[in-house]
Amino acid sequence: MDILKFITAGSVDDGKSTLIGRLLYDSESILADQLEALHSSNRKNDDGSVDLAILTDGLKAEREQGITIDVAYKYFQTEKRKFIIADTPGHIQYTRNMVTGASNANLAIILIDARKGVIEQTIRHSYLVSLLGIQQVVVCINKMDMVEFSEAIYETIVNDYKALAYKVGLTNVKYIPVSALKGDNIVHASSNMKWYEGKSLLPFLETIELEVDDSTAHARFPVQWVVRPQTEELHDYRGYAGRVSSGSFKVNDKVTVLPSGFHSTIEKIELLDQEPEEAVAGMSVTIHLKDEIDISRGDVLVNTEYQPEVSQLIEADLCWMDTRALDPTLTYFIQHNSKVTRCKIREILYKVNINTLEKEFNEDFKLNDIGRIIIKTADPLAFDLYQNNKANGGAIIIDSRTNVTVGALMLRAVVED
Amino acid sequence: MSKHNLDYLDELEAEAIYILREVAGQFEKPALLFSGGKDSITLVRLAEKAFRPGKFPFPLVHIDTGHNFIETIEYRDKMIKRIGEKLIVGHVQDSIDEGKVVEQKGKNASRNALQTVTLLDTIAKHGFDACIGGARRDEEKARAKERIFSVRDEFGQWDPKRQRPELWNIFNGKIHKGENVRVFPISNWTELDVWNYIRREKIELPSIYFAHEREVITRNGQLMAASPFLNMDEEDIIEKRNVRFRTVGDMTCTAAVESYAFEIDDIISEISESKISERGARMDDKVSEAAMEDRKKGGYF
C-alpha cells in the first residue's frame, strides 16, 4: 500500500469543505467521537442533513483573528491506499497557501461550481497547479444537483476547461461530475448521472498510478549529516546520511560530489542493520564511498554520468509569501535541500497576473505576487531545472532579519553572466 | 519513470529519519522529548535508524509528573540502558516545591497541566534550541495545522500567525536567540501507522498498552486506574476489570479501555474496528472544544 498526497483547490462556495467532508464520511474515516460532535452540532443543511463542512472547520484562533492558517492536513485510508489531503483555503489572498500545499502534492483536485463554470478563480488555481508541477489533475464539476444533473452543462464546462488546461500546460486532466452535498460520484456512482461512464472520485483516487522518478539520470543525494562514531572499533567509519531526493543509486555506481567536483564510487548503502544494493527516491540511507574525500552537509552526491546544473546566477519563478515586500537591495538566505547560502534578487523580469495570465512589468513584488526573477547566490547551487526534476529544483528564500520563509523558488534556467 | 512507490511504512519512516537528520544538521542543542508513550518510543527507534552506529546528537528529556504509571518508568530506565544514550529528567515535583506551580485540588486534580512549566524550565535551563516530539496531525484539529518545524518564542507559545510555510522537503530552522523549535517527525503518521510500524519493527512497549487486570473506578463515564494519585471518595467504587491504555499520560488523566487485546495483533484489529479516537480517552482534552489549542499555545504540545 502506498500514499497519495493531494490538494483540493476551490473556495468554500464551491463546496470544497463539503467535498472533503463527504470523502471522509462516506469512506467511513470519521471516528465515533468526532461523528458524535458532528451530529450534535447545530449547523445543518437546508434539508436537515448533517453539515459535513464542520469536519474541516477552523481553529478558535483563526475565528478570533479572522485568519486562516495556510494548510490543514487530513488523513484517511481505504483498503487500497492511504491518503493525505492538504486542505488549503482558496480565497484570493491565499496564493501562498496553495503554493505551499501544492509543493508536496502528487495530485490536485480542482473544483468548479456547475452553475458558474470556469471562472477567474479556476484560472488562478490551474495556473498554480501547473507552476508547481503537479502533473495529475482531477476537475470535479460540483453541485450537479443544482443544474438538474445536466450532461450538456457538464460538457460545456469540460470543453471550456480543456482550453484553459492547454493554455497553462496541464496535460493529464480527468473530469468527474459530482454533488458533494448529495454524495453523487464521490464514493459511490451516481444514479442521477447514468450518462457519466467514468469512475467516481474515490475509486479514481484509489487506482491512479503514481510515478516515482527512479531513473539513474536523476540520481541526487543531498548530504544531511556525516556519521562518524570515532570509537575504537569504528575508528575509520564515515557514512554520509541523507535521503535520495530523486533517481536511484546502486553499489558500485560512480558518483560526483557537488559543488566540489570530486569523484568516487559507492562502496556500501546502509539502513541500520540492512545493506540494500540500491537506494531509490524517497529512501533515507547512509552511503559509504570508496575514497576518503571531504564531504559535509550541504553537498550533494550525483551520478557522475548525469550531472545537474551548477551555477550562481539562476532564472527562477518566485512566489512571494511575506507581508513585507521583496527588497532587491537586501541580502537574503536561500535554502536548497540541505544547502543554505546568501542571495540577492538581481532582477525582476516580469510578474504574472494570475487571473488573466498576462505579464506585468512593475518594480514592486508583494505578498502573493508571482513572477520571473534572476537570483545571484553567494555559493554555487547544484540544482536541476524544476520542470525536469521537482525534487532538486525548488528552493526557499529566508529573510535574514526575521528568519521567516518569505519566498518559494522554482529554478528554471542557468543565466550566463 | 517507474510505476511503483515506496510502501507507506517505508515512506513514513524515511520521512521521519530525514526530519531527525535535519534537526541534527540545523540545530546546536536539540533534545528528544520522551514521554514513555508509544509515539516517543517510535521516535527512539527512528533515531537509531538515523544515526547508528553513531551516538544520537541529542539527549532524551523526560518530564516526570510524579504520577506516572510505574510500568512507564521501568520501561524508560531499561530502554536507556539498552540504547546507551543520555537521559535528562525534569520533575514537576521540583516546580511545585519551588512554588512555581500550585497543585490542583478536587476530584479531577491532575498534574498534567503543570508539566508545561517544568518543560519550559527544563528547555531554558539546558538551552535547548529544538525539541523533538511525537505529536501527530491526525490526533486532533489544532495539531492538523501544526508545522513539522514549529517555532516557539521564549514562552513556548505557538502563534498561528507566525507559522512558516513549509514547502517541498525544505525545513527552515533558523531562529533568534531565546526562541526554540518544536519538531514533529511523525506528523504524517496515524495511530494505526504507529502500531503497524511497532509490529513490523518488533519494538517492545510498556506493558500497560496490553490488556491486563487492574483496579479501576468509573468517572465521567471513563475507566480510571485506582491509584494514590487519584483523589477518590466514598462514591467511587473500585472494581477489577480487564483493561489496557491507548495513550500513556498521567495516571490521573489517562483513561483505560476495556480490552482483551493481549498481543499487538489484537491491538491492531481493535484499533481498526474501534470508533473512538485516541485522544477521546484523554480527560484533559474534554474540558472544552478548544482545550488542546489553548494548551498548545501555552507551550504544551
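Residues numbered from 1 in each chain as written. Chains lettered and ligands numbered in written order. Predicted model: local features only at pLDDT ≥ 70, side-chain atom pairs only at ≥ 80, totals over all residues.

Peer 1: Outline the overall build of chain B, listing residues and values.
Peer 2: Secondary structure assignment for chain B yields 9 helices and 10 strands. Residues classed as buried in chain B amount to 52% of the 301 residues present. Long-range pairs, those at least 24 residues apart, make up 76% of the contacts in chain B with a sequence separation of at least 6. (Helix = DSSP H or I, 4+ residues; strand = E, 2+ residues; numbered from the N terminus. Buried ≥ 20, exposed ≤ 12 C-beta atoms within 10 Å, placed from the backbone. Contact = placed C-beta atoms within 7 Å.)

Peer 1: Provide a residue-level description of the pairing of strand β2 (residues 72-77) of chain A, including the pertinent values.
Peer 2: Residues and elements named next belong to chain A. Summarising the sheet, β2 and strand β3 (residues 82-87) pair through 6 bridges and their orientation is antiparallel. Note on β3: the bridge partner recorded for Ala-72 is Asp-87. Counting the residues in the hairpin turn of β2 and β3 gives 4 residues. (Pairing = 2+ DSSP bridges.)

Peer 1: Run through the sheet that holds β2 of chain A, naming residues and quoting values.
Peer 2: Residues and elements named next belong to chain A. The strand order β2-β3-β1-β4-β5-β6 describes an open sheet built from 6 strands, whose pairing is mixed. Only two strands of the sheet have a single neighbouring strand rather than two, namely β2 and β6 (172-177). Each neighbouring strand pair of the sheet contributes to a mean axis angle of 25°, computed without reference to strand direction. Taken together, the 7 bridges between strand β4 (residues 107-113) and strand β5 (residues 136-142) define a ladder with parallel strand orientation. For Leu-111, the partnering residue across the bridge sits in β5 and is Cys-140. (Axes fitted to C-alpha atoms, helices over the stretch in contact; angles between N-to-C directions.)

Peer 1: Explain the sheet that holds strand β1 (residues 30-33) of chain B to me, and be specific about the residues and the numbers.
Peer 2: All names here are of chain B. Pairing is mixed across the open sheet formed by 6 strands, whose spatial order is β3-β2-β1-β4-β6-β5. Pairing within the sheet leaves two strands with one partner each, and these edge strands are β3 (87-91) and β5 (149-152). Taken pair by pair, the neighbouring strands of this sheet meet at an average axis angle of 30°, ignoring direction. With 3 bridges joining them, strand β4 (residues 130-132) and strand β6 (residues 180-183) adopt parallel strand pairing. Looking at β6, one finds that Ala-130 is bridged to Val-181. Together, β1, β4 and β6 form the strand contacts of helix α1 (residues 8-26), whose direction differs from that of β4 by roughly 160°.

Peer 1: Can you explain the nonpolar core? Please cite residues and give values.
Peer 2: Ala-102, Ala-108, Val-129 and Cys-140 of chain A together with Leu-20, Leu-32 and Val-183 of chain B are the most contacted members of the largest nonpolar core, which totals 165 residues. With 10 residues, the top contributor of residues to this core is α1 of chain B. Non-local contacts of Leu-20 of chain B, meaning those with residues more than four positions away in its chain, are made with Leu-46, Ala-47, Ala-50, Ile-132 and Pro-185 of chain B. With 13 residues, the next largest nonpolar core counts Ala-211, Val-216, Phe-245 and Val-248 of chain B among its residues. (Core = buried A, V, L, I, M, F, W, Y, C linked by C-beta atoms within 7 Å.)

Peer 1: Quick one: what's the story with the domain arrangement of chain A, residue by residue and with numbers?
Peer 2: All names here are of chain A. For chain A, the assigned domains are domain 1 (3-207), domain 2 (216-303) and domain 3 (309-414). At the junction of the two partners, domain 2 supplies 12 residues and domain 3 supplies 10 residues. The leading source of residues in the side of domain 2 that touches domain 3 is strand β7 (residues 220-227), at 4 residues. Tallied by class, residues from the side of domain 2 that touches domain 3 come to 5 nonpolar, 5 polar and 2 charged. (Domains from an automatic or database assignment. Nonpolar A, V, L, I, M, F, W, Y, C, P; charged D, E, K, R; others polar.)

Peer 1: Outline the pairing of strand β11 (residues 262-270) of chain A, listing residues and values.
Peer 2: Residue and element names in this part refer to chain A. Bridging between strand β10 (residues 254-258) and β11 involves 4 bridges; their strand directions are antiparallel. Residue pairing across strands places Val-255 opposite Ser-264, the latter belonging to β11. The hairpin formed by β10 and β11 contains 3 residues between the paired strands, and Gly-261 there has a positive phi angle of roughly 90°. Sheet analysis places β11 next to strand β13 (residues 284-289), joined by 4 bridges and oriented antiparallel. Looking at the pairing, Ile-269 lines up with Ile-287 of β13.

Peer 1: Mind laying out the environment of Glu-146 of chain B, listing which residues take part and the relevant values?
Peer 2: Residue and element names in this part refer to chain B. The topology assignment puts Glu-146 in the loop between α6 (141-144) and β5. A count of 24 C-beta atoms within 10 Å places Glu-146 in the buried class. With 53 residues separating them in the primary sequence, Glu-146 and Arg-199 have C-alpha atoms 27 Å apart. The contact partners of Glu-146, leaving out residues within four places of it in the chain, are Ala-135, Arg-137, Phe-184 and Ser-187.

Peer 1: Can you lay out the packing of α1 of chain B against helix α2 (residues 38-51) of chain B for me, pointing to particular residues and giving the numbers?
Peer 2: All names here are of chain B. Axis separation between α1 and α2 bottoms out at 9 Å; the angle between their running directions is 70°. Looking at the two axes, α1 sits roughly perpendicular to α2. On α2, the residues touching Glu-13, Ala-16, Ile-17, Leu-20 and Arg-21 of α1 are Leu-46, Ala-47, Lys-49 and Ala-50. By residue class, the composition of the contact of α1 with α2 is 6 nonpolar, no polar and 3 charged. (Parallel < 35°, antiparallel > 145°, perpendicular 65-115°, else oblique.)

Peer 1: An account of the confidence of the model for chain B is needed here, citing residue identities and associated values.
Peer 2: Within chain B, residue pLDDT values average 85, and 89% of them lie at 70 or more. Two summary scores accompany this predicted model of the complex, namely pTM at 0.92 and ipTM at 0.93. (pLDDT = per-residue confidence, 0-100.)

Peer 1: I'd like a description of the packing of α2 of chain B against helix α7 (residues 191-201) of chain B, backed by residues and values.
Peer 2: All names here are of chain B. With their axes 11 Å apart at the nearest point, α2 and α7 run at an angle of 50° to one another. The angle between the axes of α2 and α7 places the two elements in the oblique class. Considering only the axes of α2 and α7, their crossing is left-handed. Across from Lys-38, Asp-39, Thr-42 and Arg-45 in α2, the residues of α7 making contact are Val-194, Tyr-197, Ile-198 and Glu-201. Looking at side-chain class alone, the contact of α2 with α7 contains 3 nonpolar, 1 polar and 4 charged residues. (Left-handed = near helix turned anticlockwise from the far one by under 90°.)

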